[in-house]
Amino acid sequence: MEKLMITGGRPLQGTVSISGAKNSAIALIPAAILAESEVILDNLPLLSDVAVYSEILEELGATVAWEGSQMKIDPSSIKSIPMPNGPVKKLRASYYMMGAMLGRFKEAIIGLPGGCNFEPRPIDQHIKGFEALGATVTNEHGAIHLYAKELRGNKIYLDVSSVGATINIMLAAARAKGATIIENAAKEPEIIDVATLLNSMGAIIKGAGTETIRIEGVSELHGCRHSIIPDRIQAGTYMIAAAATRGNVLIDNVIPKHMEALTAKMQEMGIGIEEYDESIRVLGASRYEHVDVKALVYPGFATDLQSPMTSLLTQAQGVSVLSDFVYSNRFKHVPELVRMGAKIRVEGRSAIIEGGRLNAAKVKAADLRAGAALVIAGLTVSEGVTEVTGVEYIDRGYDHLVSNLRHLGADVWRQTE
Ligand code: EPU
C-alpha cells in the first residue's frame, strides 16, 4: 500500500497543465461503442478509472489502443456479453455501460457499480429514463438486466438534474427510433462534451448544456476523432492548493468559464485571480476573508470541489459555512482535517469552519476528493510530515499529482507502507 508524505509550508510557484476531464472520459469511452467504426479520443487523463474502462471494452471484444493521452477504440467486433462481475464492479461510472449497451444491442447485464461511496448514490433516474424509452429493467442478484425489443424516443422529466442520468439517457436514445426530450437535464460541461462526441459520430443532439436536451434518434453512428475538455475539478484543486499555500501558480489548459463559481468565491476571499484565454493565474495573499459557499449543480459551485475548499477555508480568518446541496453527507474529510487540528463541525448539510493553523498528522482519504482535501491541508503545514493513506482513491482522479506538485515546489513523495 502506498501513502503520500507531505512536508508543507512552501508556497506553490510555477505552471501546471491540466489534463482531460475524468468525468468526461469515463462517459466518452463507453459512448464509443455506439459507433460502427474507430473512435479516437485525445487529451485523455492517465487515470486508473480510464484503465478500468478500457478493460471493460476489451472484455466485450473491442480493440483498444491507449498511448499517452490518446485512445483508439475500434468497436466493430464488439459483442453483447453479460457483465455481472469483473471490472464493472470497480467503477461507479460503469453505469454508462447500461445506456451504451442498450443503445447498441438493446440489451445489457451490468453488475451494480462500485466507486467512491461517500453516501448512497441511487440510479433511479437512469432507470426511469431507460424504461421511458421502452426497456424492461430488473435487478437480479446485484446486476441490472436491461432489455428492449425496440427503443423509442420519449419525453423524460428528471426529478433531479443528474449528470449520470442525463448522459445515460443520451447514450440510449442516440440510436432509438424518434425523438427523446430530456427535461430538467443536468448542464455540466461534461454533458456538452458527450453530446459533441455523439454528434461527431452522426447523432442529432441539441440543447446540451441547457435544461432541455432533444435527441433525434438515428439508425447508425460512425467513428470520429474527439478531444476531451480540460478537467475543471483538477484545475480547481490546483487553484485551491495554490491559494492555500499562498503561492503564485498559472493553471494552464483550462476553460476559465467552467471555473466561474470558484474564481468568484476565491476573489471574495481576497485571493488574486488573473484570467487568460486558456489559463488562470492564482495569486495567494497573507490574509483571507471567511466566506459562505453553497455546492450546487452547474453552474453553481461544484460539489467535487467542496472538500478541497474546506481545507482552504481553514486558512481564512473567522467562520465560514460550506453547504453541499448536491450530496447531503459528503464530509468524510472533516474528521481527518480535525485530526490535523482544524476547527470544523458538521451540522446537517453544512460544515462550519473556523480558520486556524493545522498540524501534521497521519490521515486517511476515504474518497477521491476527500483525499485531495487532505493533500491540500498537508501542503499548508510546515512542521512535521503529513501522511495520507488511501492513495488509490486519489489516483482515480488526479494523474501526475506528485510530479505536478513537486514541479510547483512542494515537498511531496510517495512511500510504500
Ligand atoms: N441522484 C438521484 N437519482 C439518480 C441519480 C442521482 O437521486 O438516479 C442524486 C444523487 O444522489 C445526488 C444528485 O442526484 O444527490 C446528483 O447526482 P448525479 O447523478 O449528478 O451524480 P453522478 O452522475 O453519479 C457525477 C460525477 C461525480 C459528481 C456528480 C455531481 C461521474 C462519474 N461522477 O456523479 O463526480 O460529484 O456528478 O456533479 O461523472 C467525483 O468526480 O469525485 C465525483 C463523485
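Remember, it's a predicted structure, so these values are computed and weren't measured experimentally.

A word on the side chain of Gln306. Inspection of the secondary structure assignment puts Gln306 in helix H9 (residues 306-313). Side-chain polar atoms of Gln306 contact the backbone oxygen of Arg330, separated by 3.1 Å.

On to the sheet that holds strand E14 (residues 248-252). The sheet built from four strands is open, its strands ordered E2-E14-E16-E15 with mixed pairing. The open sheet has two free edges, formed respectively by strand E2 (13-17) and strand E15 (272-275), since each of these has just one partner strand. Strand-to-strand twist across the sheet, computed as the mean angle between neighbouring axes with direction ignored, equals 15°. Examined bridge by bridge, E2 and E14 share five bridges and lie parallel to one another. Directly across from Gly14, in E14, lies its bridge partner Val249.

To continue, consider helix H7 (residues 232-244). With 13 residues, H7 should cover 18 Å at 1.5 Å per step; its first-to-last C-alpha distance of 18 Å lies within 8% of that length. Summarising burial for H7: 13 of the 13 residues are buried, a large majority. With a side-chain oxygen lying 2.9 Å from the backbone nitrogen of Ile233, the N-terminal cap of H7 falls on Asp231. The first or second residue beyond H7 is Arg246, which carries a positive phi of 60°.

This brings us to the site of the ligand. The ligand sits among 24 residues. The nearest are Gln125, Ser162, Val163, Asp304 and Val326. Within the side chain of Arg92, a nitrogen or oxygen atom sits 3.3 Å from an oxygen atom of the ligand. If the ligand stood free it would expose 820 Å²; the protein chains cover 89% of that surface. Those elements giving two or more residues to the shell around the ligand turn out to be helix H1 (22-31), helix H4 (124-132), helix H5 (163-173) and helix H11 (368-379).

Here we take up the packing of aromatic side chains. The final tally for this structure, using the stated rule, is one aromatic pair. Measuring from ring centre to ring centre gives 4.7 Å for Tyr95 and Tyr96, while their planes differ by 85°; the resulting arrangement is edge-to-face. In this pair, the class of Tyr95 matches that of Tyr96, namely buried.

About the criteria used
Residues numbered from 1 in each chain as written. Predicted model: local features only at pLDDT ≥ 70, side-chain atom pairs only at ≥ 80, totals over all residues. Heavy atoms only, no water. Helix = DSSP H or I, 4+ residues; strand = E, 2+ residues; numbered from the N terminus. Polar contact = N/O pair within 3.5 Å; in protein donor to acceptor, adjacent residues only side chain to side chain. Pairing = 2+ DSSP bridges. Axes fitted to C-alpha atoms, helices over the stretch in contact; angles between N-to-C directions. Expected span 1.5 Å × (residues − 1). Buried < 20%, exposed > 50% of the residue type's maximum accessible area, 1.4 Å probe, protein only. Near = heavy atom within 4 Å. Areas by Shrake-Rupley, 256 points an atom, 1.4 Å probe, with all protein chains shown as cover. Phe/Tyr/Trp six-rings, centres within 6.5 Å; stacked < 30°, edge-to-face > 60°.

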